[in-house]
Amino acid sequence: MKIAIINFSGNVGKSVVANHILQPRINNSTVISVETINDNGDKGEKMKGKEFSEIMERVMQEDNIIVDVGASNVEEFMNRMKGFIGSYDDFDYFIVPTTKKQKQIEDTISTIDELSDLGVESEKIRVLFNMIDRDDSIDKIFSKVFKSSNTLSSINKELILHESELYSRIQDSPLTIKEIAEDQTDYKQMIRFTDDKEERLSLSQKLGTKRLAIGVDREMSRVFDLLFPNYKSEKQDEAELEYAE
């Protein structure tokens, strides 16, 4: 799959989507981060928006690639797609993460409208509602998004990532959420066998982080399956083809 993650707004969780939802679940995938202002800790390669030609060459070369377009490069990225006629067709999907802040909602609508004006079909645009509290009303908060004629036909209100303490805990971690969730270390056992208070505290924090990660990872898997319901069947088809050969 070839996926672009895009929104005119920053701070909507594009890098979380790229590095924690998509890359761990898409086999042999590459992340390219298109950002020129801040180094936000992404594991992916760095490219500037003005290097659009090189980015699109990589998109064509790779079977599975995720392009995380930073807010500082979205406008230039969109303009380059306008100049390279049909380049948007090289992407299978455009994921537009959004949050409940008013500016991000307005920018989300602008992003979707811009993609639609380019010629991107509505079914290729996926809106992901991020950093949502569990008692939030999606219908009320994002009513403007739902009223947009460019998204109404394909929007899925179940594409929700809830707010979690985990994100602040792992800001400096080199591990993905999936890697933390699948950590096989028996922290409870280690806590039992140490009398050192500082070590107990550290181990307890790691255990708490792992438990949070398990819940978030399950939610991310649910979101991934909703984003790409045919991905599992595609992998099964590939496995059957390899077996037949």
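Residues numbered from 1 in each chain as written. Predicted model: local features only at pLDDT ≥ 70, side-chain atom pairs only at ≥ 80, totals over all residues. Heavy atoms only, no water.

Caption draft 1: Structural detail: unusual backbone geometry. For Asn 11, which is not a glycine, the phi torsion comes out positive at approximately 60°. Mapped onto the fold, Asn 11 is located in the loop between strand S1 (2-5) and helix H1 (14-22). On the basis of relative accessible area, Asn 11 is assigned to the exposed category, the value being 68%. Here Asn 28, not a glycine, exhibits a phi torsion of approximately 55°, which is positive. Residue Asn 28 is classed as exposed on the basis of its relative accessible area of 74%. (Helix = DSSP H or I, 4+ residues; strand = E, 2+ residues; numbered from the N terminus. Buried < 20%, exposed > 50% of the residue type's maximum accessible area, 1.4 Å probe, protein only.)

Caption draft 2: Representation of the nonpolar core. Formed by 35 residues in total, the largest nonpolar core has its most connected members in Ile 6, Phe 77, Met 81, Phe 94, Leu 115 and Phe 129. Contributing elements (two or more residues each) for this core: strand S2 (30-34), helix H2 (52-61), strand S4 (65-69), helix H3 (74-83), strand S5 (93-98), helix H4 (102-118), strand S6 (125-132) and helix H6 (143-147). With five residues, H4 is the largest single contributor of residues to this core. Leu 115 has contacts with Ile 6, Met 78, Met 81, Phe 94, Val 96, Val 120 and Ile 125, leaving out every residue within four places of it along the chain. With 28 residues, the next largest nonpolar core counts Ile 5, Ala 18, Leu 22 and Ile 177 among its residues. (Core = buried A, V, L, I, M, F, W, Y, C linked by side-chain atoms within 4.5 Å. Contact = heavy atoms within 4.5 Å.)

Caption draft 3: Region of the structure containing the pattern of salt bridges. Taken as a whole and assessed by the stated rule, the structure comprises 13 salt bridges. A salt bridge links Lys 82 to Glu 114; the nearest nitrogen and oxygen atoms lie 2.7 Å apart. Highlighted residues: Lys 82 in helix H3 and Glu 114 in helix H4, separated in sequence by 32 residues. The class of Lys 82 is partly exposed, set by a relative accessible area of 41%. By sharing partners, the salt bridges in this structure join Arg 25, Lys 178, Glu 182 and Asp 217 into a single network. (Salt bridge = Lys/Arg side-chain N within 4 Å of Asp/Glu carboxyl O.)

Caption draft 4: Expanded view of the environment of Lys 147. As for its position among the elements, Lys 147 is in helix H6. In this structure, the C-alpha to C-alpha distance between Lys 147 and Ile 109, residues 38 residues apart in sequence, is 9.7 Å.

Caption draft 5: Seen up close, the pairing of S5. In terms of burial, S5 is largely enclosed, as five of its six residues are buried. Pairing of S1 with S5, which is carried by three bridges, proceeds in the parallel orientation. In the sheet register, Ile 5 faces S5, and the bridge partner there is Ile 95. Pairing analysis gives five bridges linking S5 to S6, with the strands arranged parallel. Opposite Ile 95, over in S6, you have Arg 126 as the bridge partner. On the question of chirality, the crossover connecting S5 to the parallel S6 by way of H4 is right-handed. (Pairing = 2+ DSSP bridges. Right-handed = clockwise from strand over helix to strand, strands pointing away.)

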